[in-house]
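Each chain is listed here by its residues.
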Amino acid sequence: MPLHVRLIATRIAVICFFGISLVGWVSGLSPFTCCKRALAGTALAYISVTLAVKAVNAILMNAMITKQMNRQKEKNSGGGD
């Protein structure tokens, strides 16, 4: 079953936003600078996680299709004898 791309990417992006802003706050940066960096990091995290989950989904779908094709071949070749 394919993974839900938007749900996973959004959750990771939110975690990255708060993580980056916390690191900036602890480092003593201004709130505006923390926010800008956190937003940029969130955008990059969202895009990279979206691409990664889509790649995983493609691999999973390919494996599922191959498995079904192999089952059909075994079913067709095994029943004829």
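These lines cover the structure that appears in this document, whether it is placed above or below. Just so it is clear, the model here is predicted, and its values are computed rather than measured.

Conventions and cut-offs
- Residues numbered from 1 in each chain as written.
- Predicted model: local features only at pLDDT ≥ 70, side-chain atom pairs only at ≥ 80, totals over all residues.
- Heavy atoms only, no water.
- Helix = DSSP H or I, 4+ residues; strand = E, 2+ residues; numbered from the N terminus.
- Rg over C-alpha atoms; globule rule 2.2 N^0.38 Å.
- Buried < 20%, exposed > 50% of the residue type's maximum accessible area, 1.4 Å probe, protein only.
- Contact = heavy atoms within 4.5 Å.
- Areas by Shrake-Rupley, 256 points an atom, 1.4 Å probe, with all protein chains shown as cover.
- Polar contact = N/O pair within 3.5 Å; in protein donor to acceptor, adjacent residues only side chain to side chain.
- Phe/Tyr/Trp six-rings, centres within 6.5 Å; stacked < 30°, edge-to-face > 60°.
- Expected span 1.5 Å × (residues − 1).
- Arc of directions from axis to C-beta.

### Digging into the overall build of the protein
Helix and strand content of the protein: 2 helices and 0 strands. Since a compact globule built from 81 residues should have a radius of gyration of about 12 Å, the 22 Å found for the protein marks it as more spread out than a globular shape. Here the C-alpha coordinates of the protein stretch approximately 75 × 15 × 15 Å along the principal axes. When each of the 81 residues of the protein is scored for burial, the buried share is 17%. Residue pairs in contact within the protein that sit at least 24 positions apart in sequence constitute 69% of those at least 6 positions apart. Split by element, the accessible area of the protein, about 6,300 Å² in all, is 70% carbon and sulfur.

### Structural notes on the side chain of N57
Among the secondary structure elements, N57 is positioned in helix 2 (residues 31-78). In contact with N57, other than residues within four places in its own chain, are P2, L3 and V5.

### Digging into the side chain of T42
Mapped onto the secondary structure, T42 falls in helix 2. By relative accessible area, which is 16% here, T42 ends up buried. From its side chain, T42 meets the backbone oxygen of A38 in a polar contact 2.7 Å long. Once residues lying within four places of it in the same chain are set aside, the contact partners of T42 are A13, C16 and F17.

### Points about the packing of aromatic side chains
Per the stated rule, a full pass over the model turns up 1 aromatic pair. A ring pair is formed by F17 and F18, whose centres lie 5.4 Å apart and whose planes are at 85°; its orientation type is edge-to-face. For F17, a relative accessible area of 24% corresponds to the partly exposed category.

### Things to note about helix 1 (residues 5-26)
Here helix 1 is 22 residues long and its end C-alpha atoms lie 32 Å apart, about the 32 Å a rise of 1.5 Å per residue gives. Those residues of helix 1 that sit buried are V5, A9, A13, S21 and G24. Take helix 1 and look down its axis: the buried residues cluster within an arc of 105°, on one side only. Helix 1 presents R11, I15, F18, W25 and V26 as exposed residues on the side facing more than 90 degrees away from its buried surface. Here the buried face of helix 1 lies against helix 2.

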